[in-house]
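What follows is each chain in one-letter form.
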Amino acid sequence: MSVLCIFAGQAVAAQEFRPGDWPSMTLFNVPGAIETPSAFTKPDGELSFTIGHFAGMTRYQFGAQVHPRLFGGFRYTEIQDFDAAGFSTYYDRSFDLRFTAIEETDLLPAVTVGLQDFIGTGIYGAEYVVASKHLGRRLRVSGGAGWGRLAGNSVLSGFGDRPRLTPDQVEEGGEPNLDTLFRGEIGAFGSVEWLVRDNLLLKAEYSSDHYTLESEELGVFDRASALNFGATYLTEGGTELSAYYMYGSEIGISLSFNFNPDRPPTGGSLDGAPFPITPRPSRAAAPEAYATSWSESAEARAAVSSRLSEVLLLERLEMEGLRIDGTSATLYLRNSGYGAQPQAMGRAARLMTTVLPPSVEIFTIVPMSAGMELPSFTFRRSDLERNEVAADGAERMLASAAVASTPPRLRRADEVEEFYPRFQWQLEPYMRTSLFDPSNPFRADLGLRLGAGTELAKGLVFSGSVTKKVVGNLDQNSRVSDSVLPHVRSDFPLYDEEGDPGLETLQAAYYFRPGQDLFGRMTAGYLERMFAGVSSEVLWAPYDTPFALGAELNYVKQRDYDGRFGLQDYDVVTGHGSVYYRYEDYLAQVDVGRYLAGDDGATFKLERTYGNGWKVGAFATFTDVSASDYGEGSFDKGITLTIPMAWFSGRSTTAVPEFTMRPLQRDGGARLDVGGRLYGLVEKGRQERVEEQWGRFWR
């Protein structure tokens, strides 16, 4: 089996990183040569950012190998002198998807089926089937058949007709181009790649893309040849720098950044070593140590509780409560320092062996999240002592642990004295963006956010934040909304112009456990920058099921543009029923209900999750608003990234920023942006997530 298949079939973290063994990225940010695709796949989970330019066309692209066989990507292209849809410089948004039907073997080539620009204007619309084979380690050949743009040389007559795209037919796009897939003439393309050295790759290709719109009709550039030539320099860090001579007339360049959540830049964790297990003397050698009479003294129990609380702080952990008797202890644990819940529990269990008297054999740890008890884990102390240094010690601890989906509630009598009220504040930078606006594709504000909150009691939180821009150009957006729907999002330029400084949020939230496997939330106040009101939510999420069910109901009024306390006349009742389903490394979510503009529909989201906290997802919302009423983009869609800061630093933290890349948000399909939704708080304590991260129990 070829080197490539070996890499594709195993975890990246377990392999030596040799970029020359993996396919490089094309100017379309898919595995391939220069502009033609290959059938090879990137390592599972690999992410790629590519900036490419030639002939006045600049492409900004993101792609992800979301499964060993499935690759998806988003492209934003600036085309100069492309006089279409009323723009002299045209900005195009498009999505790609490709599936590897056959993986390469010693005898068989890899075969991949791809869709290019299948959601968008169709400017780059194409479909292809391509086969690729390694001839030794250093030589790669690919050949394929293409439809749409890739049928320029038309070697075969395909099935059905495919209308030719002309400049006056280029519109705002955003809808799937399902009626043209694999229709019309078929062209042929091919490429050869030679790995001269591990860090240098030479390429040549025959392209079937005639660039009819750009070359023949609009004169963007002169396409004089079907042959392209190029060279790619590969770095150990996964960066690709490429230069090309293209179509007999143009010079092209591209820069690709490739990285994998399973391949952190630090090479692993830089956390300090945990405290060792403190073994007890044997019962035969010191029977008096196992006496339980100490537990009858309130003073002795208080001393144990105080000491355990102190040592937990050394590990960036907090004790919200402790229930203890002569043989068992239940610790209510707040994890302030670790992205993986098992790592926090493992470190807490070690410290319990250090502090608790030898007679305490049963340890129960109840993780706490926003005042709610997550599923608890009960261990025998003797198992901890026995398995600390065992090669499979983590697996043994998981197998022997008893899990309670709805653990005993934290009683007031067991709470740490003076734990409440608690006050916290934070001053942090923020960035607010407006992406892919045709009049200016990138606008951003950088500023400071001052946030503060107080927990008056278990689950009861008052919080707020204010923002002040330091630098940016969001307030220079002169675009006036032409939406025929209530302007629930499209008036964002007015909020940027008038709301600085502004009150971002000011709210009260109460989190609680209303019943077995149930979680609840009530939030009221200024919930987000554009809306204020009341939000309620309930979630049914048993520990050991792959699915969960949620329901949310909100009543909100639109806020004034100046970011203060005033409200506008528009109000709406909005809410959703949600289904969450986890399968291995994937989380599917469907939300059905009413959105802020009063439209009804559903949001579909699929997310790839990683054990270290990374998440990469895509979503699309379809409502009863027509594509013409929605406006540019036709429906709401985007890509989400969740990136734990610990991945960069190597030191555990609970800081996990989230980013959303939308081609352009309009009023249709807009959802209330209330913070603290339940599934995000509860997911870390569910079986799939816990078992995924359990390898960190002893770290």
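See the structure above.
Okay, so let's go over this structure. Bear in mind that the values here come from a model prediction, so they are computed numbers and not experimental data. (Residues numbered from 1 in each chain as written. Predicted model: local features only at pLDDT ≥ 70, side-chain atom pairs only at ≥ 80, totals over all residues. Heavy atoms only, no water.)

As for the overall build of the protein chain
When you go through the protein chain residue by residue, the secondary structure sums to 11 helices and 31 strands. Since a compact globule built from 699 residues should have a radius of gyration of about 27 Å, the 29 Å found for the protein chain is in line with a globular shape. For the protein chain, the spread of C-alpha atoms along the principal axes amounts to about 95 × 65 × 45 Å. Every one of the 699 residues in the protein chain was classed for burial, and the buried ones make up 54%. Look at the contacts in the protein chain between residues 6 or more apart in sequence, and 59% of them connect residues 24 or more apart. Per element, the accessible surface of the protein chain, about 29,100 Å² overall, is 58% carbon and sulfur. Within the protein chain, one finds 66 positive and 92 negative side-chain charges whose respective centroids are separated by 6 Å. (Helix = DSSP H or I, 4+ residues; strand = E, 2+ residues; numbered from the N terminus. Rg over C-alpha atoms; globule rule 2.2 N^0.38 Å. Buried < 20%, exposed > 50% of the residue type's maximum accessible area, 1.4 Å probe, protein only. Contact = heavy atoms within 4.5 Å. Areas by Shrake-Rupley, 256 points an atom, 1.4 Å probe, with all protein chains shown as cover. Lys, Arg positive; Asp, Glu negative; His and termini not counted. Charge placed at Lys NZ, Arg CZ, Asp CG, Glu CD.)

Regarding unusual backbone geometry
Look at the link from Tyr 420 to Pro 421: it is a cis peptide, with omega at -5 degrees. Relative to the helices and strands, Pro 421 is located in the loop between strand 18 (402-404) and strand 19 (422-437). The omega torsion of the bond from Asp 500 to Pro 501 falls at -5 degrees, within 30 degrees of zero and hence cis. Here Pro 501 is to be found in the loop between helix 7 (492-498) and strand 22 (502-512). In this model, Asp 117 sits at a positive phi of 55 degrees, which is unusual for a non-glycine residue.

A word on the nonpolar core
With 39 residues, the main nonpolar core has Leu 308, Leu 312, Leu 331, Leu 356, Phe 379, Leu 384 and Trp 694 as its most contacted residues. Where this core is concerned, the elements lending two or more residues are helix 3 (298-314), strand 13 (317-324), strand 14 (328-335), helix 4 (341-355), strand 15 (362-369), strand 17 (376-380) and helix 6 (393-400). If you tally residues by element for this core, the top one is helix 4, at seven residues. Those residues in contact with Leu 312 that lie beyond four places of it in its chain are Leu 317, Met 319, Leu 331, Leu 333, Ala 348 and Leu 351. Phe 118, Ile 119, Phe 635 and Trp 647 belong to the second-largest nonpolar core, a separate cluster that totals 22 residues. (Core = buried A, V, L, I, M, F, W, Y, C linked by side-chain atoms within 4.5 Å.)

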